[in-house]
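An overview of the molecular structure
The primary structure of each chain is shown beneath.
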Amino acid sequence: MLINWLLKGRRWSLAYAGLLLVGLGLGAFLKAGRMSFDLTVLHGSVLGVVLLISVGPTLVFSLVGIPPLKPPAPMPLDGEPMPRTRFLIIIPAFNEARVICNPLKSLFAQRSALAEIRVVVAFNGTDETGRIARTLGAEVISTPTPGCGKSKAIAYVLERIEPDADRYVLILDADNRVGPGFLDALALASQTGAVAMQANHKVLLSRRNWISLGLLSAYAASSRLYNAGRSRLLGSALLCGTGFAIKESVFRQLWPYVRTQTEDIEMNGLLTLHHDAGVQWVQQASFFDEKPDTVVVAIRQRVRWMVGHFRCMRFYSGPLFAQGLRQGRLRALELALYYMVPVAILVAACWLLLVWPATLVAQLPADGLSANFGWALSTLILAYILGLPALGHLLDIKGISLKGVLQVVLFSIYAAAVALTVWPLAIVLAAMMLSRSDWIFHTPHQGGVNTSASR
């Protein structure tokens, strides 16, 4: 398959070269035919789509998220001990023998006065992951079919565990490492009556290079700004695929509806449509998640995300728009737009790889309003991929120093480089794979242990 061939080694660069050649060829064709047209409508349309669906909401939420969120206040004791929250922690694992110790050791090391945990590894692989997990003290439930994917592995575990309506199901990935006080922070947040909670998603570094450090900066923007602002403005953060907890009765009701490769994105819509429930952002519950450190792995991961995201748009944008208009729910309307983000990314990628090169070669006029639209689009994209990671990372570090500021600037440049290198090709490949409903790509993990750079 061409896509599998391209996503090996550095062959991804050939895909970019091919797309740029198509853009340059289109420009040469227009120039040879002496064709000319006003770019105002084109530039204005691209600007409108990107601004309305993606960049605009992100900038708004991120600015609203600048003031730090206060932790939830403890419930009054009145002489009674604090109530304890029960968590069923499910860790889906394929062949994760190198990293499964990360979540298990960090969970069992927690000394929580507020949480009771039952840890189950949903093993759907063929290596030593299950044996290692049992040795470390976890229950292991193995699926009959190896490689069945995360959502099916979780469903299989739920079928074999007695329901408990008062418990929360907490999902962690096999490479995660939870920070000190993680369980206490989630338990405290649960006492507010939250249906769903998302913990603070940070980066665990397995190797320090421009890709992993750029993603560190990008995730600082997502966690420190975007999700915090979204929670403050809409009363709902976004589930991040790992580090999230949902009331077990609700989780069991909704999980059978999951039908895409992005169960986290899908569950946001299901929570809104079936329960009108938001996701509480728990800033104090930090956990660390290993990120790709090669371009190929980063592209493959985002291809899977975008295929699932496209499918979520197909399934849920219409019903969410209808609910939002019918009930006057801003949260539902915004989530319907959020499901359309892949369209905005695809439009921006086509503008960058095809339209812009063709415009330069054909020497199409871009004066007045058209030129202003082009500059506005470039400025917004720059703020999105460069400015927000810098601001998020700056707010996330402890103590300001010249060295720290220089690091923030460097890492934000890395974040912009990763965005420009990874996302355009990922979204184009995802658009070519929309018929796929399987897991598509598994992300390899290295067993990283360095969390210091993301604190």
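As shown above, the structure is provided for reference.
Quick look at the structure, then. (Residues numbered from 1 in each chain as written. Predicted model: local features only at pLDDT ≥ 70, side-chain atom pairs only at ≥ 80, totals over all residues. Heavy atoms only, no water.)

**A short note on a nonpolar patch on the surface**
Using the following cut-off: Grouping into patches uses exposed residues only, defined as over 30% relative accessible area, and leaves out salt-bridged ones; the cut-off is 9 Å for like charges and 5 Å for nonpolar side chains (Val, Leu, Ile, Met, Phe, Trp, Tyr). Working definition of accessibility: Shrake-Rupley area with a 1.4 Å probe, residue cover restricted to the visible protein chains. Criterion for a salt bridge: a side-chain nitrogen of Lys or Arg within 4 Å of a carboxyl oxygen of Asp or Glu. Starting at the N terminus, helices and strands are each numbered in turn, a helix being any DSSP run of H or I of at least four residues and a strand any DSSP run of E of at least two.
Taken together, the side chains of Leu394, Ile400, Val405, Val409 and Ile413 present a nonpolar region at the surface, about 400 Å² in accessible area. The element that contributes the greatest number of residues to the nonpolar patch is helix H15 (residues 402-431), accounting for three residues.

**Overview of the packing of aromatic side chains**
Where we set the bar: For this analysis, a ring pair means two rings from Phe, Tyr or Trp (six-membered ring only for Trp) whose centres lie within 6.5 Å, classed as stacked if their planes differ by under 30 degrees, edge-to-face if by over 60, and tilted for the remaining angles. Only protein chains enter the calculation, and the probe is 1.4 Å; a residue is then buried if its accessible area is under 20% of its type maximum, exposed if over 50%, and partly exposed in between. The criterion is that NZ of a Lys, or CZ of an Arg, lies within 6 Å of the ring centre and within 35 degrees of the ring normal, and then a charge sits over that ring.
This structure, assessed with the given rule, holds nine aromatic pairs. Seen in terms of ring centroids, Phe61 and Tyr226 are 5.6 Å apart; in terms of plane orientation they differ by 80°. Their pairing is edge-to-face. Here Phe61, found in helix H3 (residues 40-64), pairs with Tyr226, found in helix H8 (residues 210-234); they are 165 residues apart in sequence, far enough to count as distant. Here Phe61 matches Tyr226 in class, with each residue buried. A ring pair is formed by Phe251 and Trp255, whose centres lie 4.7 Å apart and whose planes are at 15°; its orientation type is stacked. When sorted by exposure, Phe251 lands in the same class as Trp255, which is buried. An aromatic cluster is present here, built from Phe315, Tyr316, Tyr338 and Tyr339 joined pairwise through their rings. The lysine or arginine in question, Arg160, covers the ring of Tyr156, its NZ or CZ lying 3.5 Å from the ring centre. For Arg230, the ring lying beneath its charged end belongs to Tyr338, and the centroid distance is 5.6 Å.

**Description of the nonpolar core**
For the record, the criterion: Grouping buried Ala, Val, Leu, Ile, Met, Phe, Trp, Tyr and Cys residues that are joined through side-chain atoms within 4.5 Å yields what is termed a nonpolar core. Any two residues whose heavy atoms approach within 4.5 Å are treated as being in contact.
Ranked by internal contacts, the top residues of the largest apolar core, which has 79 residues, are Ile90, Ile246, Phe251, Met267 and Ile299. In terms of residues, this core owes the most to one element, helix H11 (residues 295-327), which gives 12 residues. Those residues in contact with Ile90, other than ones at most four positions away along the chain, are Val120, Ala122, Ile154, Val157, Leu158, Val169, Leu170, Ile171 and Leu172.

**Things to note about the pattern of salt bridges**
Under the definition given, this model contains 15 salt bridges. A salt bridge links Arg131 to Glu128; the nearest nitrogen and oxygen atoms lie 2.4 Å apart. Its relative accessible area of 48% is what places Arg131 among the partly exposed residues. For Lys202, the salt bridge goes to Asp396, with nearest N and O atoms at 4.0 Å. With a gap of 194 residues between them, Lys202 in strand S6 (residues 196-204) and Asp396 in helix H14 (residues 368-396) connect regions that are remote in the sequence. For the pair Lys202 and Asp396, one class covers both residues: buried.

**Notes on the environment of Ser62**
Looking at the secondary structure, you find Ser62 in helix H3. Residues Ser62 and Leu391, 329 residues apart in the sequence, show an inter-C-alpha distance of 9.3 Å.

**Let's talk about the pairing of strand S1 (residues 85-93)**
We apply this condition: Two strands are counted as paired when DSSP detects at least two bridges linking them. Handedness of a crossover: with both strands directed away from the viewer, a clockwise path from the first strand across the helix to the second marks it as right-handed.
Where burial is concerned, most of S1 is hidden: eight out of the nine residues are buried. Bridging between S1 and strand S2 (residues 115-123) involves nine bridges; their strand directions are parallel. The residue bridging Pro92 from the neighbouring strand is Ala122, located in S2. What joins S1 to S2 is helix H4 (residues 101-108), and the crossover it makes is right-handed. In this structure, S1 lies alongside strand S4 (residues 168-171), joined through four bridges in parallel fashion. Bridging from a neighbouring strand, Phe87 pairs with Tyr168 of S4.

**Here's the deal with the environment of Ala133**
Tracing the backbone shows Ala133 in helix H5 (residues 129-135). Placed 33 residues apart in sequence, Ala133 and Ile100 show a C-alpha to C-alpha distance of 6.8 Å. In contact with Ala133, not counting residues within four places along its chain, are Ile100, Leu104, Val121, Ala138 and Val140.

**Examining the sheet that holds S1**
Working definition: the strands of a sheet are paired by backbone hydrogen bonds and lie parallel or antiparallel to each other. Which entries qualify depends on this criterion: The angle between two axes is taken between their N-to-C directions and runs from 0 to 180 degrees, where each axis is a line fitted to C-alpha atoms and a helix contributes only its stretch in contact.
As summarised here, the arrangement of the eight strands in space is S3-S2-S1-S4-S7-S6-S8-S5, forming an open sheet in which the pairing is mixed. One side of each edge strand has no neighbouring strand; the edge strands of this open sheet are strand S3 (139-142) and strand S5 (177-178). Direction of pairing for S6 relative to strand S7 (residues 244-247): antiparallel, over a ladder of three bridges. By the bridge assignment, Ala196 is partnered in S7 with Ile246. Relative to S1, helix H6 (residues 150-159) is tilted by about 135°, and along the sheet it contacts S1, S2, S3 and S4. The sheet strands contacting helix H7 (residues 182-190) are S1, S2, S4, S5, S6 and strand S8 (279-290), and the helix crosses S8 at an angle near 160°.

**Here we look at the state of the cysteines**
Basically, it comes down to this: When two cysteine sulfur atoms lie within 2.5 Å, the pair is treated as a disulfide.
Tallied over the entire structure, the rule returns zero disulfides. Of all cysteine sulfurs, the one in Cys312 lies closest to Cys240, which takes part in no disulfide; the gap is 14 Å.

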